[in-house]
Amino acid sequence: MNSRAAEYLRKERYDYFLVWGNGIPHKEEILGIIRSTESIEILRIMDHRPRSVARFVRKVYSYDYAPFEHLKSKTRYLLRTEPVVFLIFVCNKRPREIYRGEGAFRHIECELIKSVSEEIRNRFNPRKNGKRTEEHVVHASDNESQVDHMLKVLGFKNGIELLKNVPNPILSSPYYLPKFKEFTIKRISSLQLHCNILRGTRESFRKEAVEIEKTPHFAFLSGDTMFYTEYLAKFLSGPLASDYSVQEFRALSRDFAYLESSYATSYILVREFRPGRYIVLDGVHRVSILKFRGVDSFPVAVIK
Amino acid sequence: MTDSNGMGFSNRLDLDRFFFHVRQQIYVIVKLGDFPDYYKGGDIDVFCYNKDEFAKQILNVGNWYLDKGFEIRVTDEDESHACVDFYLDGELEFRFDLYQSLPRYERIRLKQHYIYSVIENASVLHREFDGVQYPIYVPSAVDELLLRYVEYIEWYELRPDKVKHLDYILNAVASDSTRIGFLDKLHLYTELPSSDFRDASHHRISGFGRKESWTGRALSKLLRRIPKVFLRRLHRVLLVLPKRLYRPLERYYENHVSG
C-alpha cells in the first residue's frame with residue numbers, strides 16, 4: 001500500500017480544542033467533558049498568553065474555511081476576553097468525518113469534535129435572556145492542517161509531526177520521547193529508580209532526580225494529597241503538558257494492574273543515567289503506585 | 001535433550017509457549033530446524049505481515065520469562081525487520097528474527113512480493129501446548145525448496161556446509177511434479193543479478209540479507225555513469241569539432257577563392 005493510501009485509510013486523526021479567555025474559569029469542567037469522551041485521548045494541554053489577542057484570533061482563523069472577513073463580527077467579542085487561552089490537543093481515535101457547508105466553503109469536519117464543542121458551548125457560552133449566546137468559549141479544529149498550523153503558531157516548528165511522532169513502533173511510548181531503535185526489557189529494583197520532579201516556578205523551573213518516596217505522587221498515595229495537588233496546580237499545562245488530574249490518579253491507583261491484558265507491553269520507560277541507576281522517562285505515577293503497594297522489583301523497558 | 005550428533009539442546013525457552021500465543025497471527029517460520037528444540041544462541045526466522053505486532057506478542061510471552069532472570073533486547077532494525085533477543089546471564093539464549101519483507105539477498109534477486117506467496121501458501125503443522133492443539137505455519141514444499149536454493153546460492157562460497165541444501169533439493173526434485181513446481185516458481189520469482197553485481201558481493205564479510213549501503217549504491221551508480229557521460233561528451237566533440245574547423249575554411253573559400 002502506498003503512503004497516500006495508508007494516510008487515507010488510517011483510523012485516527014489529531015484535533016485540538018481552544019478555550020478562549022471567556023471559558024478559562026470553566027477550564028477544569030471543559031477538560032472533564034473532553035476526558036470523558038470515548039475515543040478521544042488528550043495528548044497535550046497548554047496555556048498560552050498571546051501578545052495580541054486580535055492578532056492571535058486572526059492567526060487561528062486564517063486556516064478556517066471561511067475568509068476572516070466573514071468571521072470578523074463573530075469573533076469581535078474575543079477582543080474583550082482575558083488575553084489567555086488554553087489548548088487541548090487530542091488524538092481522535094474514531095473520527096466521524098462529514099462534509100459540511102455548500103459551494104466554495106464546503107469542507108470536511110468531524111462530527112464527534114463538533115458534538116463535543118457544541119456540548120461545551122451549550123454549557124459554558126454566556127447566556128442572555130436564558131438563551132445561549134454565540135460568544136463561544138471554545139473553538140475546535142476541523143482538520144489536521146489546522147492542528148498543524150496551530151502548533152506552528154505556538155512555536156512548534158514541526159507542527160503536527162510533534163503529535164504524530166512514534167518513538168518506537170513496537171513499544172508503547174508517548175509521542176514526546178525521541179525516536180529509538182533499541183530497548184531492553186528487564187526486571188529492576190525500585191531502589192535503582194529515580195524520578196524527575198520539577199522544582200522552581202511555572203516560569204522558571206528545573207528538573208531534579210529524586211527517589212520514588214520523595215515524589216509528590218508517592219506522597220499523594222501515602223495520604224499527603226496537598227503536595228501532589230499543589231504540584232499540578234503549579235506546573236500543569238505549563239511545563240507539565242500531559243493530562244494529569246487528581247481524579248485520574250486516584251482512579252489509576254485503585255484499578256492499576258501493571259502489564260496486564262491489553263497493557264502487556266505498556267512498560268515503564270527508563271534510561272540508565274549511571275551504571276545501575278535509572279531515571280523514569282514515562283511512568284512516574286505507575287512507579288509510585290507499585291512502590292506504594294510494596295512491589296520492590298518490576299519489569300521496565302530500558303531505552304538506549 | 002540431545003540431537004542426533006549428541007549435542008545438547010538448551011530449551012530454556014519453551015518455543016511452543018510463544019507460538020501458541022501467536023497462533024492468531026499470519027506468519028511462516030522459514031527454517032523450522034529442530035523446533036521446538038534449539039541450541040543456545042539459536043534463532044528462528046519468521047516472515048509475517050506485521051513485525052511490530054508479532055514482536056509485541058513475543059514480548060507478551062517474554063514477560064513470563066523475566067521472573068526467571070531473562071532479559072529481552074529488542075532491536076527495530078528497519079521498517080521491515082526486527083530482532084527480539086532473549087538473554088540469560090548476559091549471554092544470548094535465543095533470537096526471533098522477524099521479517100515483514102524479504103531480506104535482501106546479494107547473489108540472487110528475489111521479487112519482493114514473494115514473501116506474500118510464502119505466507120499465503122504456508123503449510124500447517126499441528127502442535128500441542130498445555131494440552132491444547134495449535135497450528136504453526138511453515139513454507140509449502142515448493143517454497144521450502146526455493147528458500148533452501150536461495151540460501152545455498154547466497155552462501156555456498158563462504159559456508160561449504162550449505163551444500164546440504166543442494167542435496168536436499170536434488171533429492172526432492174526427483175519427481176517430475178515437484179521439479180516442475182519448483183522450477184516454475186523459481187523462474188517466476190527470481191532473477192540472477194548482473195555479473196558485476198555478483199562480483200561486488202564477493203567482498204562481503206558476513207550477514208544474511210545484509211543491505212548494500214545507500215552510499216555504496218550511489219557510488220557504484222556514479223561509476224557506471226562515468227563512461228557513459230564521457231562517451232556522450234566525446235561523441236558531441238566529434239560531431240561539433242569538424243563543423244567548427246570547416247566553417248572558417250568555408251568562409252575563407254567564399255571570400256578569397258570564389259570571389
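See the structure above.
Residues numbered from 1 in each chain as written. Chains lettered and ligands numbered in written order. Predicted model: local features only at pLDDT ≥ 70, side-chain atom pairs only at ≥ 80, totals over all residues. Heavy atoms only, no water.

Visitor: Sorry if this is basic, but what is going on with the sheet that holds strand 12 (residues 268-274) of chain A here?
Guide: Think of a sheet as strands paired side by side through backbone hydrogen bonds, with each pair either parallel or antiparallel. Strand order in this open sheet of 11 strands is 11(A)-10(A)-13(A)-12(A)-14(A)-9(A)-3(B)-4(B)-5(B)-2(B)-1(B), and the pairing throughout is mixed. Two strands bound the open sheet, and with one partner strand each, they are strand 11 (205-211) of chain A together with strand 1 (27-29) of chain B. Going from strand to strand, the sheet's axes swing by 35° on average, the running direction of each strand aside. Bridge analysis of strand 4 (residues 81-88) of chain B against strand 5 (residues 91-99) of chain B gives 8 bridges, and the strand direction is antiparallel. Counterpart to B:Val84 in the pairing with strand 5 of chain B is B:Phe96. Sheet contacts for helix 11 (residues 284-292) of chain A: strand 10 (193-200), strand 12, strand 13 (277-282) and strand 14 (297-303) of chain A; angle to strand 13 of chain A, the most-contacted strand, approximately 125°. (Pairing = 2+ DSSP bridges. Helix = DSSP H or I, 4+ residues; strand = E, 2+ residues; numbered from the N terminus. Axes fitted to C-alpha atoms, helices over the stretch in contact; angles between N-to-C directions. Contact = heavy atoms within 4.5 Å.)

Visitor: Whenever I open this one, the layout of surface pockets confuses me. Can you help?
Guide: Where empty space is left can be seen by rolling a probe of water-molecule size over the atoms. Residues and elements named next belong to chain B. The volume enclosed by the second largest pocket comes to roughly 1,000 Å³. Taken together, 34 residues make up the lining of the second largest pocket; nearest its centre are Lys31, Gly33, Asp43, Glu151 and Lys162. Of all the secondary-structure elements, those providing two or more residues to the lining of the second largest pocket are strand 2 (42-48), strand 4, strand 5, helix 4 (141-155) and helix 5 (163-172). When residues of the lining of the second largest pocket are assigned to their parent elements, the largest contribution, 5 residues, is made by strand 5. A class-by-class count of the residues in the lining of the second largest pocket yields 14 nonpolar, 5 polar and 15 charged. (1 Å grid on protein atoms, 1.4 Å probe; cavity = no way out; pocket = protein on both sides within 12 Å on 5 of 7 lines; lining within 4 Å. Points joined across faces, edges and corners; volume = space filled by probe spheres on them. Nonpolar A, V, L, I, M, F, W, Y, C, P; charged D, E, K, R; others polar.)

Visitor: What's the story with empty space enclosed by the protein in this structure? I'm lost.
Guide: All names here are of chain B. Across all of its chains, the model carries 1 cavity of 30 Å³ or more by this definition. Of all the elements in the fold, those that place two or more residues in the lining of the largest cavity are strand 2 and helix 4. Among the elements that take part in the lining of the largest cavity, helix 4 stands out by supplying 5 residues, more than any other. Residue composition of the lining of the largest cavity, grouped by class: 8 nonpolar, 1 polar and 5 charged.

Visitor: Honestly, the nonpolar core in this entry has me stumped. Any pointers?
Guide: Note that soluble globular proteins tend to have their nonpolar side chains buried in a common cluster. Counting 96 residues, the largest nonpolar core has A:Ile34, A:Ile88, B:Phe18, B:Phe19, B:Val84 and B:Phe96 as its most contacted members. Considering each element in turn, this core owes the most residues, 7 residues, to helix 2 (residues 51-66) of chain B. Ignoring anything within four residues of it in the chain, the contact list for B:Val84 reads B:Ala55, B:Ile58, B:Leu59, B:Ile72, B:Arg73, B:Val74, B:Phe94, B:Arg95, B:Phe96 and B:Leu98. Membership of the second largest hydrophobic core comes to 28 residues, among which are A:Tyr14, A:Val53, A:Tyr61 and A:Phe68. (Core = buried A, V, L, I, M, F, W, Y, C linked by side-chain atoms within 4.5 Å. Buried < 20%, exposed > 50% of the residue type's maximum accessible area, 1.4 Å probe, protein only.)

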